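Letter by letter, the chains look like this.
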2 protein chains.
Amino acid sequence: MSYLPASADNAFLLFDVLKADEQLQRLPAHAGTDQALMQQVLDEAGKWVGDVVAPLSRSGDEAGAQFEAGRVTTPPGFASAYQDFWQAGWPALACAQEDGGQGLPWVLEGVLYEWLSAANHGWTMAPGLLHGAYECLKHHGSDALKAAYLSKIASGEWLATMCLTEAHAGSDLGLARTQAVLAGDSSLGERFTISGGKIFISGGEHDLTDNIVHLVLARLPGAPAGPKGLSLFLVPKVLPDGERNAVVCERIEEKMGLHGSPTCVMRFDAATGWRIGQPGAGLNAMFVMMNAARLHVALQGMGLLDAAWQKAHAYALERRQMRAPGTVPASRGAGDAADLIIEHPTIARTLDVQRAWVDGGRVLAYQTGVYLDVARHAESAKEREQAQQWCSLMTPVLKAAWTQQAFEGASACLQVFGGHGYIREWGIEQIVRDSRVAMIYEGTNEIQAIDLLVRKVLPDGGQAMGQWLLFLRKSLDAGRPLDAEVLRGLAQLRYFTTVLAQACKEDDTLAWRVADDYLRCVAVLLLGWAWARIAATEGTDGERWQGPLMQVQQRILPEMDWRMSLMKSQWAQASVVHGNQLYAAAN
Amino acid sequence: MSYLPASADNAFLLFDVLKADEQLQRLPAHAGTDQALMQQVLDEAGKWVGDVVAPLSRSGDEAGAQFEAGRVTTPPGFASAYQDFWQAGWPALACAQEDGGQGLPWVLEGVLYEWLSAANHGWTMAPGLLHGAYECLKHHGSDALKAAYLSKIASGEWLATMCLTEAHAGSDLGLARTQAVLAGDSSLGERFTISGGKIFISGGEHDLTDNIVHLVLARLPGAPAGPKGLSLFLVPKVLPDGERNAVVCERIEEKMGLHGSPTCVMRFDAATGWRIGQPGAGLNAMFVMMNAARLHVALQGMGLLDAAWQKAHAYALERRQMRAPGTVPASRGAGDAADLIIEHPTIARTLDVQRAWVDGGRVLAYQTGVYLDVARHAESAKEREQAQQWCSLMTPVLKAAWTQQAFEGASACLQVFGGHGYIREWGIEQIVRDSRVAMIYEGTNEIQAIDLLVRKVLPDGGQAMGQWLLFLRKSLDAGRPLDAEVLRGLAQLRYFTTVLAQACKEDDTLAWRVADDYLRCVAVLLLGWAWARIAATEGTDGERWQGPLMQVQQRILPEMDWRMSLMKSQWAQASVVHGNQLYAAAN
């Protein structure tokens, strides 16, 4: 059984819970984007994903991308599915109309990629990198470069890569050594030659498109050491004159999963390229698309977890083992010597916990997707700024917590199958293997935690975070049980954050010691908030929503207290070291 | 880098912390087993494992076991390593001398298998099944069967399998349908024909030994439905007269990992077999070896986690990325633009948490191994009974919690490598894939939780568990900080267990709803206890032991309170349903 988008669920969260259509229609850019239009796009997308991409997932894993003498062949069916995809206009869904796109809201692209990743993570890696390249080139490229490349990238006729990592420079891109040297002029502006090696380049070489546009971080002569010495260059596989550029794929990696996606080791041998943006501003140019790209990865997590849930749920509804405890379940027929495993409490809980993460995560990610558009298109600067702040704080939380849950939840879903989960037949072990990478790429989850706490929360003493937590109160109603718990959590975290910010001034490694727990704490609180929104929406009385809701209340949200106590134990240590009273204050 | 047993660590835990040699020498059967003898065995075993088996792990994963027309070929090198292994007498280490064994304590076999699994999980599956078969045949087989098969199994000259699972009968073996029919007499006693299909048979067919002895659960004509209708049969691949028996390997499974071990689909076509034990007592005969077999799996978890730690620790000591927060670390050289990643708090914590689980787990598992011998050999019936109780309560906890930690901890170690962890090169992703199966086989971890709470703790209202928790207090000293925390935990869990037992009488599914959290609660408390023992031992002042100890205190043991609060939320539900006062009592 391959993945089938349950688009009614996504639509319910988008329209009934979030009223995303109404939020978007307030923006002049999306005034005409009503629910009917969005629904139509979703219906078509869901059908296409289920029909074309999902059936290629297992065969893609088994065949894998193949490398021979510098050429990469993607698994059977991948190339024709990709031709279908870009010719139908899917990559350009949310691109600007002036670039040949459809100018639809970002959130539709988000849902599309959630489904694509769920259906076939390996295949989706290829177009997944287009969107960052598009934003990057659009905002930082020269007019000449844009004229030559932007519409081809927007449409997806040419695919793109991000060439950042080098063997010794992973999380620490500032160590990158690839060199760029000015080599003369050209019709596209100053021409550079790029030399060096890059690794972990998804789609660095393949047979899906005629050309591949590499965005490469490199260092100009005399550039300072560290991240501020990095500039960004556009290096096409095929040059404008039709010649092959000096970009070579040396080999592809053998990986734990994601076999359908070629992960390439690339060599640039004085390859021709053009600079995007200012010298030394290479990382800045990439940060343009950082929130959107990380949100994409968070949605991969949600998609993969949903796919794992679909498999485990279907299995639990047909597999019978042992009698369930308690009263005779209605599902036990006269001749049944054993009950459906979904009647066993531990199995039912496993399934509902994953649904809690998927659906709560969707509410948060879709709202963030809406705010990405608000941050771009709102008329009032204040509104744009608030939306930007939401995206900035929410994105690392969604990326880290939901990719972790994707892997751990997929493993929990594998467990539902017992021994049958460990073999390839049911496809669940592939999801565990595939999902693991999302905890690493686009900034490891540990980097996300540092990004949240050290870069975003602490610099202003927790003010912005506090404002944001106050903002989240607005949509809650203290008369509802879950809302009351979330309100308590919001107040608690707001106070905790202030005290933590103070404590971090006294202890210069405390922030790094608590960052992971802090992020997790925010994540479970946000999940509670999302479910408070779901529970307050008409139509959520049934088991479909009440089962996961119970797990949020009984199991997930209570983790917040535990995480705070773990952080306080670090603090206690600080107070021993520094002899101050902060620990007492935090208690 | 392949796995290398750090045998000094194991010896320290065995002799300095547990004084296992002194405990064992009190038993007449092991009066001569002093530390020098045990140390000599460990030294040889460690060397052999590191030299012969460990280097075959990655190549074994890549080549995989191969199937063709009913024949199975193990990866290159596996067969000759196995010949080495049994001819050197390793399988018979702890077998009785009258069966050709060396009669050494079980705990040495335990350490040997911990190392073997760490070094090469796939290879180790083959001999791993010998020990259960040996115990089963020794205690339940007829004299004629024992004369024909016991010494061959003890020595490992012939390998053995456990044929339990059928496609529709996994956790619920009572659903098994394989048939056994009396077919006449023979020199080995009543002869039966066995017909049916079995799946997930590790080593069901291979090229390691001339014969394979299958122990098969099957149903005699007219046997009652369910587990009490199952009998056990010995079905050799090659019959005593040299003829091939009608046992066929139909295919081998494609799995997530453990590629070196063939997981076979077996068909018995009126194959010849002989009954072991009484009709209908098949599961009983298997239970003989249950604790030892599950303890083996727990040790696999510890071994695999140790192997993952070794890789990640070595990598963290050579990989430099970004500046570490806080004061300049001593490891930063003048020319270093970045610090060793072990200087980053989140990496150091990841590593120490895994060490905490490995070394604490070893203390618990080795003590349990000693008690397996006490339960067999002690002169006093009371001592035997107490030891048996320890094994009975400890085994499901060790099996479930340590196999879970093996998988999650291996994944955490993979994360230390960043993107390099996701590719095959470093071998860490293989450990994640291999270790996953241990959460499933020998009874899923959910079954272990039910075994602990429903079968062992609740039937006597928590009395035996309470006694055991009291017993654990003996070796603690309230004057030491960790000991005081563990003492508090022991008292708390003892009280909690009594109240829970009462509550379960009022709510017939409560035990099943809290079983996983209860087991986890016991596990972290036991880990605290083990570390209290380690911390009280001379020679643990250094960072090697103090780093993990801090994680036990700050991070692992506090999980107990969280788990209890999760259980109480189930209770609260019960109290709403049943209107009783138990929730208040538990608070």
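Here the structure is a predicted model, which means the values were calculated and not measured. (Residues numbered from 1 in each chain as written. Chains lettered and ligands numbered in written order. Predicted model: local features only at pLDDT ≥ 70, side-chain atom pairs only at ≥ 80, totals over all residues. Heavy atoms only, no water.)

### Some thoughts on the domain arrangement of chain A
Residue and element names in this part refer to chain A. Along its sequence, chain A is carved into domain 1 (7-136), domain 2 (158-280), domain 3 (289-328 + 335-443) and domain 4 (445-587). Taking only C-alpha atoms into account, the centre of domain 1 sits 18 Å from that of domain 3. Contact with domain 1, which involves 32 residues of that partner, is made by 32 residues of domain 3. Carbon and sulfur atoms make up 63% of the surface buried where domain 1 meets domain 3, a total of about 3,000 Å² over both sides. Its largest share of buried area at the contact with domain 3, domain 1 owes to Trp106, Glu114 and His121, together 25% of the area lost on that side. Where domain 1 meets domain 3, there are four salt bridges. For Arg376, the salt bridge is made with Glu135, and the minimal N-O distance between the two is 3.3 Å. Inspection of the region where domain 1 meets domain 3 yields 13 residue pairs in polar contact (both at pLDDT 80 or more). It is helix 6 (residues 106-119) that contributes the most residues to the side of domain 1 that touches domain 3, nine residues altogether. Class assignment of the residues belonging to the side of domain 1 that touches domain 3 gives a composition of 16 nonpolar, nine polar and seven charged. (Domains from an automatic or database assignment. Contact = heavy atoms within 4.5 Å. Buried area = accessible area lost by both parts, 1.4 Å probe. Salt bridge = Lys/Arg side-chain N within 4 Å of Asp/Glu carboxyl O. Polar contact = N/O pair within 3.5 Å; in protein donor to acceptor, adjacent residues only side chain to side chain. Helix = DSSP H or I, 4+ residues; strand = E, 2+ residues; numbered from the N terminus. Nonpolar A, V, L, I, M, F, W, Y, C, P; charged D, E, K, R; others polar.)

### Some thoughts on unusual backbone geometry
Residue and element names in this part refer to chain B. Located in the positive-phi region is Ala270, a residue other than glycine, with phi close to 50°. Structurally, Ala270 can be placed in strand 9 (residues 263-276). Overall, the relative accessible area of 42% leaves Ala270 in the partly exposed class. In this structure, Glu442 takes a positive phi of about 55° despite not being glycine. (Buried < 20%, exposed > 50% of the residue type's maximum accessible area, 1.4 Å probe, protein only.)

### Describing the interface of chain A and chain B
Facing the 66 residues of chain A at the interface are 66 residues of chain B. For the pairing of chain A and chain B, the buried interface totals around 5,800 Å² over both sides, and the portion due to carbon and sulfur atoms is 57%. The tally of links from chain A across to chain B stands at six salt bridges. Our count for the chain A to chain B interface comes out at 41 residue pairs in polar contact (both at pLDDT 80 or more). With seven residues, the top contributor of residues to the side of chain A that touches chain B is helix 21 (residues 559-578) of chain A. Residue classes in the side of chain A that touches chain B are distributed as 26 nonpolar, 20 polar and 20 charged.

### Topic: the relation of the copies chain A and chain B
After a rotation of 180° and a shift along the axis of 0.0 Å, chain A superposes on chain B with an RMSD of 0.0 Å. Each copy turns onto its partner about a two-fold axis. Proximity to the rotation axis, assessed at the C-alpha, singles out Trp562 of chain A in chain A; its C-alpha lies 3.0 Å from the axis. When the interface residues of chain A are mapped onto chain B, 100% of them again lie at the interface, so the same face is used by both copies. (Least-squares fit on C-alpha atoms with pLDDT ≥ 70 in both.)

### Things to note about the environment of Glu318 of chain B
All names here are of chain B. Counting through the fold element by element, Glu318 comes out in the loop between helix 11 (290-316) and helix 12 (345-377). On the basis of relative accessible area, Glu318 is assigned to the exposed category, the value being 54%. Taking the C-alpha atoms as reference, Glu318 lies 57 Å from Gly242; in sequence the two are 76 residues apart. Setting aside anything within four residues of it in sequence, one finds Glu318 in contact with Leu340 and Trp426.

### With respect to the packing of helix 13 (residues 381-416) of chain B against helix 19 (residues 510-535) of chain B
Residue and element names in this part refer to chain B. Close contact between helix 13 and helix 19 brings their axes to 9 Å; oriented N to C, the two are set at 95°. On the basis of their axis angle, the class for helix 13 and helix 19 is roughly perpendicular. Residues Trp390, Met394, Pro396, Val397, Ala400, Ala401, Trp402, Gln404 and Gln405 of helix 13 pack against Leu519, Arg520, Val522, Ala523, Leu526, Leu527 and Trp529 of helix 19. For the contact of helix 13 with helix 19, the per-class residue count stands at 13 nonpolar, two polar and one charged. (Axes fitted to C-alpha atoms, helices over the stretch in contact; angles between N-to-C directions. Parallel < 35°, antiparallel > 145°, perpendicular 65-115°, else oblique.)

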